[in-house]
Amino acid sequence: MFKVNIFGDGRKCVILAGCAILAGCASSPKPAASGSPLADSRAPAYQAIDAMNSGGRTASPPADLPQAAAPQAAAARAEPGWVSSPYSVYDQDAYVAAVGYGENRTAAERNALVSLTAVFGQSIQAEISSITNYSEAVNNGSINVSENNAVREAVKTSSEMDSLIGAEIADVWQNSADRSWSAVAVLEKRKAAALYADLIRGNQRLINEITSIPDTEKTSLEAFSRYRLAATVADTNKLYASLLSVLGATPAGLSLSEIKGGGDYRLEAAKVARTIPIAVKVEGDRQNRIGNAFAVALGRIGFKSGGTNNRYVLNAVLTLDSANLPGNQYQFCRYNIDAYLTDTTNGSRLSPYNISGREGHTAMNEAEIRAVNSASKKIESEFERVFDDFFSTNLLR
């Protein structure tokens, strides 16, 4: 696992990106409204980050951003100006703001965060949804940029926000007439821009470390995994660069147009894949239908299949069992396939894969044929994605 000091000055940070992105670095995010479900879930983690960043002293919320009223006061006060026009309260030069509505407070806050993301346009929305592998890599420890348990907990709780770095719920209001809720989400441009720039620099250093591959491993699944993981990180950096462009920020020392996307590293991974033959062995596969399905899927990824003395072997076990239902005229066959890649140099098992299902027919032999056909189609349709996701979020050691 990587243990990376992102900033190089003693500060540590965990980065989460995807549908959920968090950073507890340059400045701690201001807490959400007191009493809100979001605030209640995040408070301990943010307090811990504040304590870490301030040498044990818990930072007070900045006073420049209006804070939401407590739940009991939200309905009692008059409608705030931001409900109909967020920029009547939040300076458009300093903030990006958006309002969300819902039948309860949680729904309103969620919708506000979604609306805030939408302000940045469909292209950035698409980028956010396409980099969920980055958060998975952080969560599974392939990218471990902090040994601080409090920061890890902050990553976990921040994933519930489904929003951008630095986004927060600044205020909420309940309409006393129909009991509906409104919430306003804001992103402070100056702080967000500084944060994104720091994250890009840190990720670039991380990519350089990931892609420093020993000569002895340049034609291995280790190398393939490293380039796939680097691509995941690079996709995240491309998103940060897009956000900086929208915010109109050009940080010193960064050329946003020169930041590589994940495509460059996927090409390198594809080159490695072409040098790696993978043998396929399936126990219980009488007609070799399952073995052929795995071979097709591996070929789509770019690997060669076949051979007997390969370093890597995809081992699988197919089991077929009757699963008849009382009173049903059809006979059913249940299939189960357990598969995993093996590195024969050390016996390690990689990329576990399991599928199961059931097919029926009036005759058991036909039910078995249908079960094997169904399993084959499922392998051909999904194994490529499962394999790719594993190697895009896991760093082999």
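Fair warning: this is a prediction, and the values are worked out from it, not measured in the lab.

> Which residues make up the overall build of the chain, and what values do they have?
Secondary structure summary: the chain contains 11 helices and 12 strands in total. Every one of the 397 residues in the chain was classed for burial, and the buried ones make up 49%. Taking all contacts inside the chain whose residues are at least 6 apart in sequence as the whole, residues at least 24 apart take part in 72%. When the accessible surface of the chain is summed, it comes to about 17900 Å², and 47% of that surface belongs to carbon and sulfur atoms.

> Hey, could you go over the sheet that holds strand β12 (residues 348-361) for me, with residue numbers and the actual values?
Spatially, 5 strands are ordered β9-β8-β10-β11-β12 in an open sheet, and the strand pairing comes out mixed. In this open sheet, the two edge strands, each paired with only one partner strand, are β9 (304-305) and β12. With 12 bridges joining them, strand β11 (residues 331-343) and β12 adopt antiparallel strand pairing. Considered in β12, the bridge of F332 is made with G360. Helix α11 (residues 364-393) rests against β10 (312-322), β11 and β12 of the sheet, and its axis sits at about 150 degrees to β12.

> Account for the confidence of the model for the chain, with residues named and values stated.
Averaged over every residue, the pLDDT of the chain is 77; the share at 70 or more is 75%. Here strand β3 (residues 22-23) is the element of the chain with the lowest mean pLDDT, 34, and strand β4 (residues 95-102) is the one with the highest, 96. Segment residues 68-72 is flagged for pLDDT under 50; beyond a separation of four residues in sequence, or across chains, it makes 15 contacts in the model. In the predicted structure, residues 145-161 sits below a pLDDT of 50 and forms 44 contacts with residues beyond four places in sequence or in another chain.

> Talk me through the packing of helix α5 (residues 132-139) against α11; I want residue IDs and the actual numbers.
For the pair α5 and α11, interaxial distance at closest approach is 8 Å and the crossing angle is 55 degrees. One way to sum up the angle between α5 and α11 is to call them oblique. Handedness of the α5/α11 crossing: right-handed. Between α5, through N133, E136 and A137, and α11, the contact on the second element is made entirely by D389, S392 and T393. Split into classes, the residues belonging to the contact of α5 with α11 amount to 1 nonpolar, 3 polar and 2 charged.

> Give a detailed account of the pattern of salt bridges, specifying residues and quantitative values.
In the structure shown here, the tally under the stated rule is 13 salt bridges. Linking D235 and R266 is a salt bridge whose minimum nitrogen-to-oxygen distance equals 2.4 Å. Taken together, the residues D235 in helix α8 (residues 221-247) and R266 in helix α9 (residues 262-273) connect sequence positions 31 residues apart. Its relative accessible area of 19% is what places D235 among the buried residues. Using a relative accessible area of 29% as the deciding quantity, one classes R266 as partly exposed.

> Just give me the short version of the packing of aromatic side chains, but keep the residues and values in it.
Per the counting criterion, the structure on display carries 12 aromatic pairs. On the numbers, 5.6 Å between centres and 75 degrees between planes, the contact of F224 with F391 is edge-to-face. Taken as a pair, F224 in helix α8 and F391 in helix α11 lie far apart in primary sequence, 167 residues in all. With respect to class, F224 is no different from F391; both count as buried. For the pair F383 and F387, a centre-to-centre distance of 5.8 Å together with 50 degrees between the ring planes defines the contact as tilted. Of the two residues, F383 and F387 both sit in helix α11, 4 residues apart, roughly one turn of that helix. For the pair formed by F383 and F387, the shared burial category is buried.

> Outline the packing of α5 against α8, listing residues and values.
It is at 8 Å that the axes of α5 and α8 come closest, and there the two elements cross at 120 degrees. With respect to their mutual orientation, α5 and α8 come out oblique. Viewed along their axes, α5 and α8 form a crossing whose handedness is left-handed. Seen from α5, the contacting residues are N133, Y134 and A137; seen from α8, they are L229, T232, V233 and T236. Partitioned by chemical class, the residues of the contact of α5 with α8 number 4 nonpolar, 3 polar and no charged.

Quick notes on the rules
Chains are numbered independently. Their residues run from 1 in the order of the written sequence. The predicted origin of the model limits local features to residues at a pLDDT of at least 70 and limits the giving and counting of side-chain atom pairs to 80 or more, whereas totals for whole chains, interfaces and linings rest on all residues. The basis for every side-chain value is the complete set of non-hydrogen atoms in the structure, without hydrogens or water. Counting from the N terminus, the helices are DSSP H or I runs at least four residues long and the strands are E runs at least two residues long. For every residue, the accessible area obtained with a 1.4 Å probe (protein chains only) is divided by the maximum for its type, and the residue is called buried under 20%, exposed over 50%, and partly exposed between those limits. In this analysis, two residues are considered to be in contact whenever any of their non-hydrogen atoms come within 4.5 Å of each other. Note that accessible areas follow from Shrake-Rupley with a 1.4 Å probe, and for residues the cover is restricted to the protein chains shown. Strand pairing is defined by DSSP finding a minimum of two bridges between the two strands. Axes here mean lines fitted to C-alpha atoms, for a helix over just the part in contact, with angles spanning 0 to 180 degrees between N-to-C directions. Each residue carries a pLDDT score, the predictor's own confidence in it, on a scale running from 0 to 100. Put simply, angles under 35 degrees are roughly parallel, angles over 145 are roughly antiparallel, angles from 65 to 115 are roughly perpendicular, and the rest are oblique. For a crossing to be left-handed, the near helix must be turned anticlockwise from the far one by less than a right angle; the clockwise case is right-handed. Residue classes follow a fixed rule: Ala, Val, Leu, Ile, Met, Phe, Trp, Tyr, Cys and Pro count as nonpolar, while Asp, Glu, Lys and Arg count as charged, and any other residue, Gly among them, counts as polar. Put simply, a salt bridge is a Lys or Arg side-chain nitrogen that is within 4 Å of an Asp or Glu carboxyl oxygen. Paired rings are identified among Phe, Tyr and Trp, the last through its six-membered ring, by centres lying within 6.5 Å, and are further divided according to the angle between planes into stacked (under 30 degrees), edge-to-face (over 60) and tilted (the rest).

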